[in-house]
Amino acid sequence: MGMDGFEMKADYGQFMDLKEGWVDRRIFTRDDIYEQELYKIFARSWLFVAHESQLPKNGDFLTTHMGEDGVIVSRGHDGKVRVFLNSCPHRGNKVCFADAGNARRFVCNYHGWSFDGKGELQGVHEEYCYDPGDLDKSKNGLKQVAKIDSYKGLIFATFDNEAVSLGEWLGDFRWYLDCLLDNEDGGTEFMPGCIKSEINANWKFGVENFIGDALHAGWTHDSGTRAMNGGEPFPPVDMANSYHASVNGHGWEFGLEGVGDIFLLGRPKVMEYYNDIRPDMAKRLGEARSKVFGSVASASIFPNVSFLPGISTFRQWQPKGPWKFELKTWVIVNKNMPDEIKSEVTKGVMQTFGPGGAFEMDDGENWENCTTVNRGVVTRHEKLHYRCGINRRVNDHPTFPGILYQGQYNDANQRNFYERWADMMGAERMADMPERYKSVMSGRETRDITGVKAV
Amino acid sequence: MKAQKKEIPLQPYVSMELLTTLTQVLYREARLLDQERYDEWVNLLAEDLHYHMPGIETRYRRDKYDQVADLNRMAYYDDSKEDLKKRLARLETGTAWSEDPATRYVHLISNVEVELTEKDDEFLVLSNFYAYRNRNERDDDMLIGHRSDIWRRVGGGFELVKRQIILKQNILLSKNLNIYL
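Residues numbered from 1 in each chain as written. Chains lettered and ligands numbered in written order. Predicted model: local features only at pLDDT ≥ 70, side-chain atom pairs only at ≥ 80, totals over all residues. Heavy atoms only, no water.

> Just to check I follow, could you spell out the nonpolar core for this structure?
For soluble globular proteins, the rule of thumb is that nonpolar side chains tend to be buried together. A:Trp252, A:Phe314, A:Trp421 and B:Trp41 are the most contacted members of the largest nonpolar core, which totals 159 residues. Each of domain 1 (47–149) and domain 2 (171–454) of chain A contributes no fewer than three residues to this core. Counting residues in each nonpolar core, the second largest holds 16 residues, with A:Phe84, A:Cys88, A:Cys96 and A:Ala103 among its members. (Core = buried A, V, L, I, M, F, W, Y, C linked by side-chain atoms within 4.5 Å. Buried < 20%, exposed > 50% of the residue type's maximum accessible area, 1.4 Å probe, protein only. Domains from an automatic or database assignment.)

Here's what the structure looks like:
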């Protein structure tokens, strides 16, 4: 890589000691580190770009970002989804200004270059002024991403030609993802719309919060929990029967009581719905996964997607410099749910994890302050404590894949997220990345694998 | 079938007395919200209230899909009176950390217009709002938009039956929405 000759060999391991359990605050604030994140993390990761349900018809499109690169996700008139830069190859202007819609073509406002739903250049204004040989239309389409693939409804794309397959990237985390994406026939869909807000915090604070920080919930969200549930406090956590699981920097923290997150949504009809389908869920995914779903749990897909299985908020933390991110949120539901339940879930999500939600309101303020205090150069050099549960590693668990730690009050997934971050930041080539966990279900479908024991 | 946008025809002007009274109702409501007098605010809300603030994506003019009328879409608020009371219950717990110290609010209400409806006791009340928030040292933001209300005459006063809030931001340019508009 080394796209513009930027220093690519910095030792990012110096910014943390995960055996000791600390992280240096400068990874949240330094401009040069942020710039490297855009190259080393965002330009090389598989990034979530859309749910298939957002593009049901040919010609449907939406705009989003991969890192800070603006892209169009378009279902062409051949039915195929493509992802290309929202930037005209002529002078670089945007060619699409809408969040979503349906279009036959994308036309640049500057000189009228027009591109079809495949991103191919179709025509230019005053084309006669180009002499033969001046403009090869076949070579001046919108720049396509290197690879696109999907996993059970979620579409991902990467700018990296050398990227491993999406299946390999997600690895054994697919076993957990099925709890959200494949717990019922028909799979999932996004409800219409996308709510975006802007938070003056580093993007990693959002990701690490969802990847493993169950601990904050009972404290930060005491007020939200009580508000949504008639004064009831946060459900108790069973440290003996709850875990952190991490694979390739992705992470899921979970209990096994089956109902905690659904309870927090504050919608009894939704609880009833999941209770009804749970026996089928157990047949489909196995007993263990039918209990992971709906429990007090939260998860992130490396680098910047998070969700709450059971509460059904699905979100992406889009970086906007070290000091700011844009939070995009959606509501994910099972396609087969009756409309009434979908509507209950949607209202519940927006009352808990919308910008005006009883939970969300207390998060943003924390993350902003965690970030902005580091404008102080002395503060910036103080280490942050990530040692919780550091000796609770569980090896060779018969059921749960991944790097596993016992007790969902833990910093394990956060430590593994930052380890992956440092590995990627430091690796000149992705192939140089150290292997931190050996997949036990490589290349296999995950639906019928109800426990790793079956391997 | 997706709802299609349509323009609402202009109605005749109402009496100065009705306009003035309903304007006073809006101003008083704004004062209650500025002062966080939520118990009194809730008393202004009808039992059959629909309080709706849709999330609106930026779309091309040729796109006639009515995002406001489609109630399946994600919305900042899509609340009944009971839903709003649940949100407000958070402030009563004593553990809503991000509300202490308190946010400083100002609701400016303008462009008030009143129109009659098919029901004798219900009035369409249109207004614009400029809601200003400032908290802690330098958290500072403004929310500007339109409201379209239905107010119902009850006893000697009015209750809010329906409120549709159209915020003019695409990305909410702040970390949360700890405010009622």
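> Could you clarify how one ought to interpret the layout of surface pockets in this entry?
It is a probe the size of a water molecule, rolled over the atoms, that shows where empty space is left. Residue and element names in this part refer to chain B. Here the largest pocket defines a volume of roughly 1,600 Å³. Lining the largest pocket we find 41 residues, and of these Lys6, Ile8, Leu126, Ser148 and Gln164 sit closest to its centre. Elements that contribute at least two residues to the lining of the largest pocket include exactly strand E3 (104–116), strand E4 (122–135), strand E5 (139–154) and strand E6 (157–167). (1 Å grid on protein atoms, 1.4 Å probe; cavity = no way out; pocket = protein on both sides within 12 Å on 5 of 7 lines; lining within 4 Å. Points joined across faces, edges and corners; volume = space filled by probe spheres on them. Helix = DSSP H or I, 4+ residues; strand = E, 2+ residues; numbered from the N terminus.)

> When you look at the sheet that holds strand E6 (residues 81–85) of chain A in this model, what are you seeing that I'm missing?
All names here are of chain A. With antiparallel pairing, four strands are arranged side by side in an open sheet as E6-E5-E4-E7. Among the strands making up the open sheet, the edge pair consists of E6 and strand E7 (100–102). Along the sheet, successive strands turn relative to each other by an average axial angle of 25°, direction set aside. Here three bridges tie strand E4 (residues 60–66) to E7, and the two strands are oriented antiparallel to one another. Pairing of Asp60 across the sheet is with Asn102, part of E7. (Pairing = 2+ DSSP bridges. Axes fitted to C-alpha atoms, helices over the stretch in contact; angles between N-to-C directions.)

> Would you take a moment to explain the pattern of salt bridges for this structure?
Two side chains with opposite charge may pair up if their charged atoms get near one another. The final tally for this structure, using the stated rule, is 44 salt bridges over all chains. We note a salt bridge from A:Glu365 to B:Lys175, for which the minimum N-O separation is 3.2 Å. Here B:Lys175 lies in the segment after E6 and A:Glu365 lies in helix H11 (residues 360–372), a pairing that spans two chains. A relative accessible area of 7% means that A:Glu365 is categorised as buried. By relative accessible area, which is 8% here, B:Lys175 ends up buried. (Salt bridge = Lys/Arg side-chain N within 4 Å of Asp/Glu carboxyl O.)

> Any chance you could explain empty space enclosed by the protein here in plain terms?
Taken as a whole and judged by the stated rule, the model has five cavities of 30 Å³ or more. If you trace the largest cavity, you find 19 residues lining it, with A:His216, A:Ala217, A:Ser298, A:Leu308 and A:Phe353 closest to the centre. In terms of residue class, the lining of the largest cavity is built from eleven nonpolar, four polar and four charged. One number sums up the size of the second largest cavity: a volume of about 100 Å³. If you trace the second largest cavity, you find 14 residues lining it, with A:Ser343, A:Thr346, A:Lys347, B:Arg73 and B:Asp78 closest to the centre. Contributions of two or more residues to the lining of the second largest cavity are made by helix H10 (339–353) of chain A together with strand E2 (75–79) of chain B. No other element matches the five residues that H10(A) contributes to the lining of the second largest cavity. For the lining of the second largest cavity, the per-class residue count stands at five nonpolar, four polar and five charged. (Nonpolar A, V, L, I, M, F, W, Y, C, P; charged D, E, K, R; others polar.)

> Just checking my understanding: could you explain the interface of chain B and chain A for this structure?
Accessible area lost during the coming together of the parts is what is often quoted as the interface size. Each partner contributes residues to the interface: chain B has 39 residues there, and chain A has 46 residues. Of all residues in chain B, B:Met74, B:Lys86 and B:Lys175 bury the most surface against chain A, accounting for 22% of the area lost on that side. Where chain B meets chain A, there are 26 residue pairs in polar contact (both at pLDDT 80 or more). Elements with a minimum of two residues in the side of chain B that touches chain A: E2 and helix H3 (81–92) of chain B. (Contact = heavy atoms within 4.5 Å. Buried area = accessible area lost by both parts, 1.4 Å probe. Polar contact = N/O pair within 3.5 Å; in protein donor to acceptor, adjacent residues only side chain to side chain.)

> It is not clear to me how unusual backbone geometry should be interpreted in this structure. Could you clarify?
What is expected of a backbone is that most residues other than glycine have negative phi and most peptide bonds are trans. Across the junction of A:Phe302 and A:Pro303, the peptide omega takes the value 0°, indicating a cis bond. Looking at where A:Pro303 falls in the secondary structure, it is placed in the loop between strand E17 (297–301) and strand E18 (305–307). A cis amide bond links B:Asp100 to the next residue, B:Pro101, at an omega of 5°. Topologically, B:Pro101 is positioned in the loop between H3 and E3. The backbone of A:Asp396 sits at a positive phi, close to 50°, despite the residue not being glycine. Residue A:Asp396 is classed as exposed on the basis of its relative accessible area of 76%.

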